[in-house]
Amino acid sequence: MNQQTLKGQWREIKGKVREKWGQLTDDELTRTEGNVDQLVGLIQRKTGEARSQIESFLTSVSDRGASMANRISETAQDVVGSASETIQQAAGQAYDAAQSGLEQTQRMVRRHPFESVGASFGAGIVAGVIIGLVIRR
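Because the structure is a prediction, the values reported are computed rather than measured.

> Got a sec to walk through the overall build of the protein? Specific residues and values, please.
Within the protein one finds six helices and zero strands. In the protein, the order of α-helices and β-strands from amino to carboxyl end is α-α-α-α-α-α. Taking all 137 residues of the protein together, the buried fraction comes to 18%. Here the contacts in the protein between residues at least 6 apart in sequence split such that 47% fall between residues at least 24 apart.

So this is what it looks like as structure tokens:
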């Protein structure tokens, strides 16, 4: 275990150390924060346990934390990938629907050009009246 690992996972490691060696106080642990040698020395002084056993315990706690972080990261990547695929499918379906609507509109205008112009003109008049009323208010 190194200083960077200890600092990165300090809260979890501190909790596990307190579970295993309950005689350590929060103040004592806080003073060693981020320093592996100080932490190991504190535990040795308070418990009499061998340095190798303490380091082994800290390494196993650190490895479990890293393993959990990796699993969380992998799960997050899976969720993002799945969401991305879903969004791409929905975008493709929306594009297909818009394309189909455009083609239907083009066919309608080709078959009924005068009616299409009249309908567009009427829709423009209605939109203009609505906008005029909204602006007046």
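Once you've had a look at it, read on.
> Provide a residue-level description of the side chain of Thr 32, including the pertinent values.
Positionally, Thr 32 belongs in helix H3 (residues 26–32). What makes Thr 32 buried here is its relative accessible area of 5%. For Thr 32, the side chain forms a polar contact with the main-chain oxygen of Leu 29, separated by 2.8 Å. Once you skip the residues sitting within four places of it in the chain, Thr 32 turns out to touch Trp 10, Gln 38, Leu 39 and Leu 42.

> Just give me the short version of a nonpolar patch on the surface, but keep the residues and values in it.
Nonpolar side chains collect at one region of the surface, where Phe 121, Ile 125, Val 129 and Leu 133 lie side by side and expose about 420 Å² of accessible area between them. Its location among the elements puts Val 129 in helix H6 (residues 113–136).

> Can you lay out the confidence of the model for the protein for me, pointing to particular residues and giving the numbers?
Considering every residue of the protein, the mean pLDDT works out to 85; 88% of them sit at 70 or more. In the model of the protein, helix H1 (residues 3–8) stands out as the element of lowest mean pLDDT, 65, in contrast to H6, which has the highest, 94.

> Tell me about the environment of Val 61, and please be specific about residues and values.
Along the chain, the position of Val 61 falls in helix H5 (residues 51–111). A relative accessible area of 1% places Val 61 in the buried class. Separated by 49 residues in the primary sequence, Val 61 and Glu 12 have C-alpha atoms spaced 8.2 Å apart. What Val 61 contacts, discounting residues up to four positions off in sequence, is Gln 9, Glu 12, Ile 13 and Lys 16.

Parameters at a glance
Residues numbered from 1 in each chain as written. Predicted model: local features only at pLDDT ≥ 70, side-chain atom pairs only at ≥ 80, totals over all residues. Heavy atoms only, no water. Helix = DSSP H or I, 4+ residues; strand = E, 2+ residues; numbered from the N terminus. Buried < 20%, exposed > 50% of the residue type's maximum accessible area, 1.4 Å probe, protein only. Contact = heavy atoms within 4.5 Å. Polar contact = N/O pair within 3.5 Å; in protein donor to acceptor, adjacent residues only side chain to side chain. Patch = residues over 30% accessible without salt bridge, like charges linked within 9 Å, V, L, I, M, F, W, Y side chains within 5 Å. Areas by Shrake-Rupley, 256 points an atom, 1.4 Å probe, with all protein chains shown as cover. Salt bridge = Lys/Arg side-chain N within 4 Å of Asp/Glu carboxyl O. pLDDT = per-residue confidence, 0-100.

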